[in-house]
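Fold and geometry: a report
Here are the chains, one letter per residue:
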Amino acid sequence: MSTIKKEKSTLSLVLEHLKTTSGTVTPSKTFYTSIHPKAWNTKPSKKDIGEISKNLFATQTTIADLGNFLNNGHTFAPAIFKNNIRNNASFISTQIFALDFDDNQNPREKIKLFKDYGIKVNIVYNSFSHTEAYNKFRLVFVLDTEITDRKLRDKIQLAFMAMAVDADPACKDVARMFFGSNKAATVLSLQANKLEDILPAIDIYINSNVSRPTQIANTNSLKSLQKRTSLYIYNKDVHKSKENENILYYNFEQAQKTSTVLNSFATGTHLKYRQLLVLSTNMDKIKGGIKWMRECMDKTGTYKAEDYLLLSVPSRYGYLPMDIDDFDPSLMGEFKNLLYIDKNRQGVQVLKKIDKISVDEVSNNFSTSIEMIANRDFLNNLGNTIKQINILKASVGSGKTKKIIRQKNVLIAVPTHKLKNELAERMKTEGIEFVTTPETPVFNDKEINETYKFYQDIGDTKKANQLIKNKANEFSFKSSGFIDDPKELEDRQLAKDYLDRLNQAYNAGVTVITTHRRAILSAKAFNKRHIIFDEDIFKELLPIVTFKRSDLTDLISQIRTTEKNKKLATQFEKDIRAVYNYLDLLPTAIIRPREKIIFNNEANFVEKIGRLKGGEKIINFIQSDFVMRHVGTDDIERFYGIKKYEMLLDSQVTIVSGTADDWIYSKLFKDIDYDFHNLGIAKNIIPIVQYTGKAYSKTQMEAGEYPMLQEGSTVITYKDYKDVFETPDELTHFGNTSGFDHLKGETLSVVGTPIPHPTIVMMYARALGISYENQQKEYKSFLLDNYRFDMFTYSDENLAKIELKLTQMELEQAVGRGRASRTDAQLELFSKVPIDSTDIFKTKK
C-alpha cells in the first residue's frame with residue numbers, strides 16, 4: 001500500500017494498521033476517468049460547481065495518480081463521456097466505482113466489510129466537510145475490466161451500495177461527480193480488483209430479489225464481461241480437468257471428521273461470504289452437494305437471500321472448485337480442495353518389508369566400502385571397477401566418523417567450523433596425526449573483516465586470500481624510525497599466522513580437516529588424492545540466494561551515507577540502477593539463464609558492494625547460473641538465483657551421508673560416472689513410531705493443532721514454532737539438524753512436515769534439468785520408493801519427488817539426533833511423509 005503524503009488526517013491514523021511496507025507492488029495499468037484540471041483547497045462554491053461540471057475531461061491515469069489528483073483537491077467523475085459532456089446519456093465507459101459516506105460511519109469497518117467480500121478499496125479520502133468529530137469520507141474502487149454497458153454499470157453500482165448498507169443513495173448516477181480533498185488521501189492498493197475475484201459478490205447483490213427472467217439477463221450481461229477477462233480460463237480447459245468431473249459418492253460424515261470448519265457449518269455455525277463461496281464451488285461438483293448445503297443453511301436459519309443465491313454461482317459461471325486455503329486453513333498442505341477430504345486416511349502403506357540390519361553390520365559394510373575406495377588403484381589393477389566418485393549411504397550412528405578419521409593422508413570436509421573443531425578434538429584424543437585449516441582471524445580493522453567475509457560469501461577464495469596476504473606484507477614503519485600502531489602490528493601478525501597455518505594445511509603430508517565450502521572452492525590447493533565429505537553436499541553444490549527489491553534500496557542508502565566521493569557514489573548508484581533495470585525485465589515465476597548486466601565498472605562495483613551489508617546476496621545473484629523473479633502470497637517481490645558447482649574430478653571423492661538420495665544424485669551427476677552404495681538401514685533398539693494422520697504444517701500449528709507428546713520429550717520442529725512447546729531443543733530445528741550429538745539417547749518428539757517452499761523446488765528442478773512448468777498440486781496417492789501414501793503434492797512426478805525427498809532428508813536428520821540404533825532413545829515422529837528410520841507407522845496416537 002502506498003500513502004500519498006500530505007497532512008496526516010484522523011482517517012490516516014485510523015487506517016494505520018492496514019498499511020504494509022512489504023516489498024514493491026507492481027502498479028495497476030492505466031485507465032480513463034474524467035478529471036477537472038484545477039486543484040481546490042476548500043470545497044468549491046455553488047458558482048464554481050457550475051464551471052467544474054462543464055469542464056471535466058477524459059484523463060488517462062493510474063490508481064496512484066488518481067490518488068494524487070484527489071489528494072490535491074481535483075474533482076472527478078468515475079466515467080468518461082462523449083465529447084466530455086457529463087450526463088447519463090453521454091456515458092462511454094468506466095472502471096471506477098465510488099461510494100460517499102456522510103453520516104459519521106467508521107471507515108475501518110467499511111473497508112473490512114468489502115475485504116470480507118474479496119473487494120479491495122483502492123483509495124479512501126476524507127471529504128472537504130469532514131471533521132475529527134464527524135466522519136465524512138469516500139471509498140474508490142477500480143476494476144481491471146472496462147464496463148461499457150450503462151445499465152450493467154448502474155447495477156454494479158447498486159450492488160456496491162447494497163454491500164455497504166448505508167452509503168449515500170444520492171450518489172448512484174453514472175454522471176455523478178465527486179470533489180477531491182484538502183486532507184490526505186490514502187492509496188490502500190495499487191492493484192485493480194480482478195473481475196473473477198469480485199464477480200460472485202456482485203452477482204448475488206444484483207440478482208437477489210429479482211424475477212427469474214431478470215436474473216437470467218443479469219447473468220448473461222456479467223458473462224459477457226467474463227469472456228473478456230482472465231476468468232475465462234476457468235472454462236477453456238474444462239474437458240481436461242479432473243476437478244470438473246462430478247463426484248457421485250461423497251462421504252459427508254467422514255468429510256466433517258476431517259474438517260472442523262465443515263463440521264461447524266453442518267452443525268449450525270453461520271459461515272461468512274468467502275467460506276460459503278469456496279464451499280459452494282466444491283459442492284457444485286459433488287452429487288447432492290448443493291442440496292446438502294441448502295439443508296444445512298435452512299437448519300441454521302440465519303442466511304439471507306443473497307447467501308442462498310451464492311449456491312448457484314459456480315454452475316452459472318463455470319467456476320472450478322476453489323482451494324481449501326480460504327475455507328479451512330488448518331488443512332492447507334494436506335488437501336488442494338474439499339473434494340477428497342471424505343476419504344478415510346489409510347496412512348502409509350509399506351510395499352515391501354524393510355529388512356533392517358544391526359548397526360554393527362552397517363558399520364562393517366561401511367568399513368569394507370571405505371577401505372576398497374581407499375585402495376582403488378590397487379584393486380582396479382586386479383580387475384575391479386571402483387569408481388572415482390562414490391556416495392556411501394549409511395545410517396546415522398553407524399560409526400562412520402570413526403572409520404573416516406583413520407584414513408591416511410586424506411582431506412576430510414565437514415559442514416561447519418564447529419564440527420571441524422569437534423572432529424579435531426576426537427582425532428587428538430585418539431592420537432591421530434592431522435592438521436586443520438584455520439578459521440578466519442578477527443582483525444582490529446573491521447573493513448578487512450567485512451571485505452574478507454564478502455569474498456568468501458561470493459566464493460572468490462583467491463581474492464579473500466590475497467586480502468590476507470596484502471595485510472601480512474604491509475610496509476612496516478619500524479624500519480623507517482616510526483612507531484607502528486599496536487593494533488596494526490597485531491593485525492599483521494594475525495594475517496601471517498593465518499597464512500602460515502593455511503599453507504601448512506595445503507602442504508601437509510597428513511590428513512587435513514576443513515569445511516565443505518573450502519573443499520569445494522579450493523580442493524586443488526590441498527593436493528590430496530582423496531577427499532571425503534562427511535554429510536551430504538547436495539545443497540552446497542547447488543547454493544540458492546534470495547533477496548528483496550528493498551535490499552537494493554538499502555544499498556543505495558548505504559552508498560549515499562558512506563561514499564564521500566560524489567562522482568563514485570553516482571557511478572555506484574547507476575550500477576545498482578542497472579541491476580534494477582535487469583530485474584524489471586525478468587518475467588514473473590519463470591526461471592531463465594542469468595544474463596550479463598552491463599556495469600560502468602564491474603570490478604569496482606563488486607568491491608564497493610562487498611563492503612556493504614547485504615551486498616554479497618546481490619553479487620551471488622548476478623553470478624548465478626539461473627535466476628527467477630517471484631511474488632509470494634505476502635505480495636513481497638523476491639528474486640532467486642542458483643549456481644551449480646561442478647564436481648571435483650581431479651581427486652577421488654567420497655560422500656558419506658545418512659540422508660543422501662540416489663535419485664537426486666542421478667540428476668545432479670547425470671554426466672558423471674559414479675557409484676551409490678546403500679549400506680543398509682540399522683535396527684533401532686527401541687522402535688521409532690511415526691504418526692502420519694496429520695502433517696502438522698506451520699498453518700496447522702498456527703491454528704492451534706499440536707500432537708500429544710511423550711512426557712518429558714525434547715522437541716525438534718520448525719524454527720518459528722519452538723515457543724509453542726514447553727521443551728523445544730534450543731540448538732536444532734528443521735534446516736539446522738546436521739551434525740549435532742547432544743541429543744543422543746534422549747526422549748525425542750520430531751513434529752512437522754518441513755515441505756520446501758515451491759520456489760526452492762522450482763530452482764532445484766531447473767538446475768537439475770527437470771521440467772518445472774506444471775506446478776499444479778493435487779491430493780493424491782503417491783508412490784515414493786518403498787511407500788505409498790496420500791499427499792497433497794505436485795501433479796508432476798519429478799517435482800513431487802524433489803519436494804518429498806527434500807522433506808525426507810530433513811526428517812531423517814532430525815530423527816538421527818537421537819542415535820536410536822546405538823542408544824535406548826525413545827523417538828516419536830509426527831509427520832505425513834514416511835522415512836526409512838521409522839519402524840511402526842500409525843495414523844493417530
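Residues numbered from 1 in each chain as written. Predicted model: local features only at pLDDT ≥ 70, side-chain atom pairs only at ≥ 80, totals over all residues. Heavy atoms only, no water.

1. So, the overall build of the chain
Helix and strand content of the chain: 31 helices and 28 strands. Projected onto its principal axes, the C-alpha coordinates of the chain cover approximately 100 × 80 × 50 Å. Per-residue burial for the chain yields a buried fraction of 52% across its 845 residues. Residue pairs at least 24 apart in sequence account for 74% of intrachain contacts in the chain once pairs closer than 6 positions are excluded. (Helix = DSSP H or I, 4+ residues; strand = E, 2+ residues; numbered from the N terminus. Buried < 20%, exposed > 50% of the residue type's maximum accessible area, 1.4 Å probe, protein only. Contact = heavy atoms within 4.5 Å.)

2. As for the confidence of the model for the chain
On average, the chain scores 87 in pLDDT, and the residues at 70 or more come to 93%. The low-confidence segment residues 1–28, where pLDDT is below 50, has 71 contacts with residues more than four positions distant or belonging to other chains. Low pLDDT, under 50, characterises residues 229–241; the predicted model gives this stretch 20 contacts beyond four residues in sequence or across chains. (pLDDT = per-residue confidence, 0-100.)

3. Digging into the pattern of salt bridges
Two side chains that carry opposite charge are able to pair once their charged atoms sit near each other. If you walk through the whole model with that rule in mind, you get 35 salt bridges. Asp326 is paired through a salt bridge with Arg274; the nearest N and O atoms lie 3.1 Å apart. In this pair, Asp326 is assigned in the loop between helix H14 (313–317) and strand S10 (349–350) and Arg274 in helix H11 (residues 273–283), connecting sequence segments 52 residues apart. Look at Asp326 and you get partly exposed, because its relative accessible area is 40%. Glu488 is paired through a salt bridge with Lys471; the nearest N and O atoms lie 3.2 Å apart. You can see Glu488 sitting in helix H21 (residues 486–507) and its partner Lys471 sitting in helix H20 (residues 461–472), a full 17 residues away along the chain. Using a relative accessible area of 27% as the deciding quantity, one classes Glu488 as partly exposed. (Salt bridge = Lys/Arg side-chain N within 4 Å of Asp/Glu carboxyl O.)

4. Concerning the sheet that holds strand S22 (residues 689–691)
Taken in spatial order, the five strands make up an open sheet running S23-S24-S27-S22-S28, and their pairing is parallel. Where the open sheet ends on each side, the last strands, each with one partner, are strand S23 (714–716) and strand S28 (840–842). The mean angle between the axes of side-by-side strands here comes to 20°, regardless of whether they run parallel or antiparallel. Note that S22 and strand S27 (residues 827–830) share three bridges and pair parallel. When the bridges of S27 are listed, Tyr691 appears paired with Phe830. (Pairing = 2+ DSSP bridges. Axes fitted to C-alpha atoms, helices over the stretch in contact; angles between N-to-C directions.)

5. Focus on the nonpolar core
Core analysis: the largest hydrophobic core is formed by 123 residues, its most contacted members being Phe533, Phe621, Tyr665 and Phe669. Per-element tally for this core: the top contributor is helix H31 (residues 797–816), with nine residues. Not counting chain neighbours up to four residues away, the residues in contact with Phe533 comprise Ala413, His516, Ala519, Ile520, Met647, Leu648, Val653, Thr654, Ile655 and Val656. One finds Leu99, Phe160, Ala255 and Leu338 within the second-largest nonpolar core, a separate group that totals 71 residues. (Core = buried A, V, L, I, M, F, W, Y, C linked by side-chain atoms within 4.5 Å.)

6. Here's the deal with helix H12 (residues 289–300)
Counting along an α-helix, one turn takes 3.6 residues, and residues three or four places apart therefore face a common direction. If you check H12, its first and last C-alpha atoms are 17 Å apart, about what twelve residues at 1.5 Å a residue would give, namely 16 Å. On the buried face of H12, the contacting elements are helix H9 (252–258), helix H10 (260–266), H11 and helix H13 (305–309). Phi for Gly301, located one or two positions after H12, is positive at around 80°. (Expected span 1.5 Å × (residues − 1).)

7. Let's talk about the sheet that holds strand S2 (residues 31–35)
Strand order across the open sheet formed by three strands is S3-S2-S4, with antiparallel pairing between neighbours. Both edges of this open sheet fall to strand S3 (57–61) and strand S4 (76–77), since each of them pairs with a single strand only. Two strands pair when backbone bridges link them, and S2 and S3 are joined in this way by five bridges, in the antiparallel orientation. When the bridges of S3 are listed, Phe31 appears paired with Thr61.

8. Side note on the pairing of strand S11 (residues 389–393)
Where burial is concerned, most of S11 is hidden: five out of the five residues are buried. Pairing geometry for S11 and strand S21 (residues 674–678), over five bridges, is parallel. When the bridges of S21 are listed, Lys393 appears paired with Asn678. Here S11 runs beside strand S20 (residues 652–657); their pairing, made up of five bridges, is parallel. Pairing of Ile389 across the sheet is with Val653, part of S20.

9. Remarks on the environment of Ser312
Within the fold, Ser312 resides in the loop between H13 and H14. With a relative accessible area of 23%, Ser312 lands in the partly exposed category. Residues Ser312 and Ser280, spaced 32 residues apart in sequence, show a C-alpha to C-alpha distance of 8.0 Å.

10. Notes on the side chain of Thr823
If you trace the backbone, Thr823 turns up in the loop between H31 and S27. Among the residues examined, Thr823 registers a relative accessible area of 14% and is labelled buried. A polar contact is formed between the side chain of Thr823 and the backbone oxygen of Gly818, at a distance of 3.1 Å. Once you skip the residues sitting within four places of it in the chain, Thr823 turns out to touch Ile685, Lys744, Gly745 and Gly818. (Polar contact = N/O pair within 3.5 Å; in protein donor to acceptor, adjacent residues only side chain to side chain.)

11. Some points on the environment of Asn684
With respect to the helices and strands, the residue Asn684 is situated in the loop between S21 and S22. A relative accessible area of 16% places Asn684 in the buried class. Spatially, the C-alpha atoms of Asn684 and Ile357 are 9.3 Å apart, while their sequence positions differ by 327 residues. Contacts of Asn684, omitting those with residues within four sequence positions, involve Lys356, Ala820, Ser821, Ser837 and Asp839. At 3.0 Å, the side chain of Asn684 forms a polar contact with the backbone oxygen of Ser837.

12. Quick word on the packing of aromatic side chains
Aromatic ring pairs are described here by two measures, namely the spacing of the ring centres and the angle between the planes. Scanning the model with the defined rule gives 25 aromatic pairs in all. On the numbers, 5.0 Å between centres and 15° between planes, the contact of Phe101 with Phe137 is stacked. Note that Phe101 is positioned in strand S6 (residues 91–101) and Phe137 in strand S8 (residues 137–147), a separation of 36 residues in sequence. A residue is classified by how much of its surface remains accessible, and Phe101, at 0% relative accessible area, is buried. With relative accessibility at 0%, the residue Phe137 sits in the buried group. When the ring of Tyr250 is compared with that of Phe252, the centres are 5.0 Å apart and the planes differ by 70°; the resulting orientation is edge-to-face. Exposure class is identical for Tyr250 and Phe252. Each is buried. Across the ring face of Tyr794, the terminal group of Lys777 is positioned such that the distance to the ring centre comes to 4.7 Å. (Phe/Tyr/Trp six-rings, centres within 6.5 Å; stacked < 30°, edge-to-face > 60°. Lys NZ or Arg CZ within 6 Å of the ring centre and 35° of its normal.)

13. A word on unusual backbone geometry
One non-glycine residue with positive phi stands out, namely Asn104, at about 60°. Assignment of secondary structure puts Asn104 in the loop between S6 and helix H4 (107–116). Phi at Asn527 takes a positive value of approximately 55°, unusual for a residue other than glycine. As for its placement among the helices and strands, Asn527 is situated in the loop between helix H22 (516–526) and strand S15 (530–534). Asn527 gets classed as exposed once you look at its relative accessible area, which sits at 68%.

14. Here's the deal with the side chain of Glu803
In this structure, Glu803 sits in helix H31. At a separation of 2.7 Å, a polar atom in the side chain of Glu803 contacts the side chain of Lys777. Apart from residues no more than four positions distant in its own chain, Glu803 is found in contact with Ile755, Pro756, Val761, Lys777, Phe792, Thr793 and Tyr794.

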